[in-house]
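The primary structure of each chain is shown beneath.
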Amino acid sequence: MIAINDLQKTYDTGSITVEALRGLSFNINKGEFVAIMGASGSGKSTLMNLLGLLDVASAGTYILNQTEVSALEEKDFARIRNKEIGFVFQTFNLLPHLTALHNVELPMMYAGVKLAARRERATLLLERMGLIDRMHHYPNELSGGQNQRVAIARSLANNPAIILADEPTGALDSHTSLEVMDIFQQLNLDGTTIIVVTHEENIAQHAGRILRLSDGLLIMDDIVQEPLDAGQALSSLRKEAGSI
Amino acid sequence: MNIRELMVVALASIRSSKLRSFLTTLGIVIGIAAVISVVAIGQGGKAMLMQELEKFGTNLFVVYVNYQEGETSRPSDLQVSDITLIKNVVPEVKYMAPVCYTQMKLRGSQGQKTVQLLGTSADLVHVNNLEIAQGRFLNEEDESAGRQVIVIQEDTAKELFGSEKPLGQRVVIGSTSSMVVGVLKQDTSVLNDNSRQSAYITMSLMRNMTGWTYIHQIYGSATSKEAVDTAMERTKSILERRHNAPGHYEARSMEQEMQSANKILGIVGLVIGLIAGISLLVGGIGVMNIMLVSVTERTREIGIRMALGARRQDILIQFLFESIVLCLMGGIIGTILGYGGAYVVAKIAHWPPLVSWWTIVIAFLFSAGVGLFFGLYPANQAARLKPIEALRRE
């Protein structure tokens, strides 16, 4: 699904050039749950932006669904971001003057889905996220966890093959973080490829594979033998809460 | 995105900063209101002037002597007998009256008044569309019998005779006295300076009083609007031949007067309209300025939209549409205010507020055009943002 070979990214800020990625190579197959880890400045966010077609590489190849990305035009980028990739951000990136429902509708609007159809799908997605009674609320009326679930619903709007999540739990407490990871694990079970960028080891342990970056280089590519089960952790937490 | 969705997005964003949107659009409101009211007042004034001029009769023409420098009037320049001849030989001439005028003080039983005294004939009532309030106008017999009669205006009658009935009263002019046979309705036209009153006597009486053997001007009226030019030309050529003086006479029709008045008013209107239009330009610059600020402020929103699949053209259209909607709202409010202003002015000045449908259409198109023109640059700035840089901006 994703094939990367010697990917490089250099930022040229006039006087100094920063080599954010110094030649990365790896593949990600369909249906994988991958965590990308690294300290800040390791290049993991840069990699995320390249994978999400928000930015273009300086050198190297990136093949997404058998297509060499560098051969594509800007409008193809927009289409791929719209239909094939779902983004989840650390700060949610919901539009503040739109309700949860309208935020979820947004990608479908750009995909040209008719109003009735997209309202139906957005409602369905919010229901799946347990937010049916919050769908007419604005982001500032929702908690962080609720906002992140709205954002996940939005990322699923056009039924993408890949979810790209950049520090999705970074702004959440441990309990809501578990909830988010639970949703990702369930989506992954349904066949969606999940790529999560995180600096938290316990979050990364929910993935099936961990790519570790350091100074713009891939230093480790590990399979997680026994990924943590967020759903199980949540239900045991609930039991504890119930017994008290 | 279709128009409806663009509209929703634009309105949502305009609503999200109400005060700013209002202030931004105020420039357009004032610009459009200024243009609309200026055009409406101008058009109303013009229509009113034309209406007033038409009251004098569109078939009207005036013949006068075209004096060259150093020339003085000769008794033979224009004669009453000329009129008799012209009326007989020019079928296009329906009515024709001689006119001599002088300033005179009239004295009545209750007061006195200085008026413009006109020596003329019975035809003038038709030529000038005079409206009679009481009695009658001068007639042929007054002239032939040399009757000492006078026709005055309502306001003059009040000054001279107070509340007394004017008909049959004596008016003293210098050493002679005349009887009032008719009272003309006071002309309410804005063109008429009501402080200046006119009174009418026969040519023979005028001749007796002043010793003039010639007339100053000839007022004529053609059988139809189309016949005016022919009537004028033939009158002129008869006068030239009869007095053996080529180029000595000039004639102007009401039609020509109206056309030149129209032209002058048109130019004045255009100039004022252009000045008003400048305020629209200033308003447009205000819109552009705020749109640029808006693009900067909403960089992150643009980044998010791009990440969710918005193409550059989607962003461009979104901001362009917002600018157009903002300006159109200003256009609508401005049109209402402008029309209201024109209406008030028209009420005060007693003329019709004329806002033609094309003025409104142009105002709408123009405000949309201002939105398009001044929105294009900011919208393009927004569309050219790189998604990653836009997303990173706080």
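Computed from a prediction, not measured in an experiment: that's the story for all the values here.

Comments concerning the overall build of chain B
- Counting its regular elements, chain B contains 13 helices and ten strands.
- What you see for chain B is a C-alpha radius of gyration of 33 Å, clearly larger than the 21 Å of a compact globule of 394 residues, by over 25%.
- Overall, chain B is about 105 × 50 × 35 Å in size when its C-alpha atoms are taken along their principal axes.
- Across the 394 residues of chain B, 46% fall into the buried class.
- Partitioning the intrachain contacts of chain B with sequence separation of at least 6 by distance along the chain shows that 79% fall at a separation of at least 24.
- Surface summary for chain B: the accessible area is close to 19,200 Å², and the carbon and sulfur share equals 60%.

A closer look at the interface of chain A and chain B
- Between chain A and chain B, the residue contacts involve 22 residues of the former and 23 residues of the latter.
- Taking both partners together, chain A and chain B bury about 2,100 Å²; carbon and sulfur atoms supply 61% of that area.
- Sorting the residues of chain A by area buried against chain B places Leu54(A), His97(A) and Tyr110(A) first, and these three jointly supply 30% of that buried surface.
- Among the salt bridges present, the one from Glu5(B) reaches Arg118(A), with a minimum N-O distance of 2.6 Å.
- One can count six residue pairs in polar contact (both at pLDDT 80 or more) joining chain A with chain B.
- Breaking the side of chain A that touches chain B down by element, the ones donating at least two residues are α2 (74–83), α3 (100–111) and α4 (115–128) of chain A.
- Tallied by class, residues from the side of chain A that touches chain B come to twelve nonpolar, five polar and five charged.

Quick look at the pattern of salt bridges
- Tallying each qualifying case throughout the model produces 30 salt bridges over all chains.
- A salt bridge links Arg81(A) to Glu74(A), with the shortest nitrogen-to-oxygen separation between them at 3.4 Å.
- We note a salt bridge from Asp123(B) to Lys87(B), for which the minimum N-O separation is 2.6 Å. Pair noted here: Asp123(B) is in the loop between β3 (112–120) and α4 (124–127) and Lys87(B) is in helix α3 (residues 80–89), with a separation of 36 residues, a long-range link.
- Take Asp123(B): its relative accessible area is 8%, and that puts it in the buried class.
- What you see here is one network of salt bridges that share partners, running through Glu105(A), Arg118(A), Arg119(A) and Glu5(B).

Side note on unusual backbone geometry
Residue and element names in this part refer to chain A.
- We note that Asp6 has phi near 50°; this positive angle belongs to a residue other than glycine.
- Structurally, Asp6 can be placed in strand β1 (residues 2–13).
- Non-glycine residue Gln66 carries a positive phi angle of around 65°.
- By the secondary structure assignment, Gln66 is in the loop between β4 (59–64) and β5 (67–68).

As for α2(A)
- Along α2(A), the residues that are buried comprise Asp76(A), Phe77(A), Ala78(A), Ile80(A), Arg81(A) and Asn82(A).
- Each element contacted by the buried residues of α2(A) is listed here: β4, β6 (85–88) and α3 of chain A together with α10 (299–307) and α13 (387–392) of chain B.

Observations concerning the sheet that holds strand β3 (residues 33–37) of chain A
All names here are of chain A.
- With respect to topology, six strands assemble into an open sheet ordered β6-β7-β8-β3-β9-β10, the strand pairing being mixed. Of all strands in the sheet, those bounded by a partner on one side alone are β6 and β10 (217–223). If you compare each strand with its neighbour and ignore which way they point, the axes differ by 15° on average.
- In the sheet, strand β7 (residues 162–166) pairs with strand β8 (residues 193–198) via five bridges, with the strands oriented parallel.

Points about the domain arrangement of chain B
- Looking at the assigned domains, one finds that chain B contains domain 1 (3–53 + 259–392) and domain 2 (67–247).
- Between the C-alpha centres of domain 1 of chain B and domain 2 of chain B there is a distance of 56 Å.

What counts, and at which threshold
- Residues numbered from 1 in each chain as written.
- Chains lettered and ligands numbered in written order.
- Predicted model: local features only at pLDDT ≥ 70, side-chain atom pairs only at ≥ 80, totals over all residues.
- Heavy atoms only, no water.
- Helix = DSSP H or I, 4+ residues; strand = E, 2+ residues; numbered from the N terminus.
- Rg over C-alpha atoms; globule rule 2.2 N^0.38 Å.
- Buried < 20%, exposed > 50% of the residue type's maximum accessible area, 1.4 Å probe, protein only.
- Contact = heavy atoms within 4.5 Å.
- Areas by Shrake-Rupley, 256 points an atom, 1.4 Å probe, with all protein chains shown as cover.
- Buried area = accessible area lost by both parts, 1.4 Å probe.
- Salt bridge = Lys/Arg side-chain N within 4 Å of Asp/Glu carboxyl O.
- Polar contact = N/O pair within 3.5 Å; in protein donor to acceptor, adjacent residues only side chain to side chain.
- Nonpolar A, V, L, I, M, F, W, Y, C, P; charged D, E, K, R; others polar.
- Pairing = 2+ DSSP bridges.
- Axes fitted to C-alpha atoms, helices over the stretch in contact; angles between N-to-C directions.
- Domains from an automatic or database assignment.

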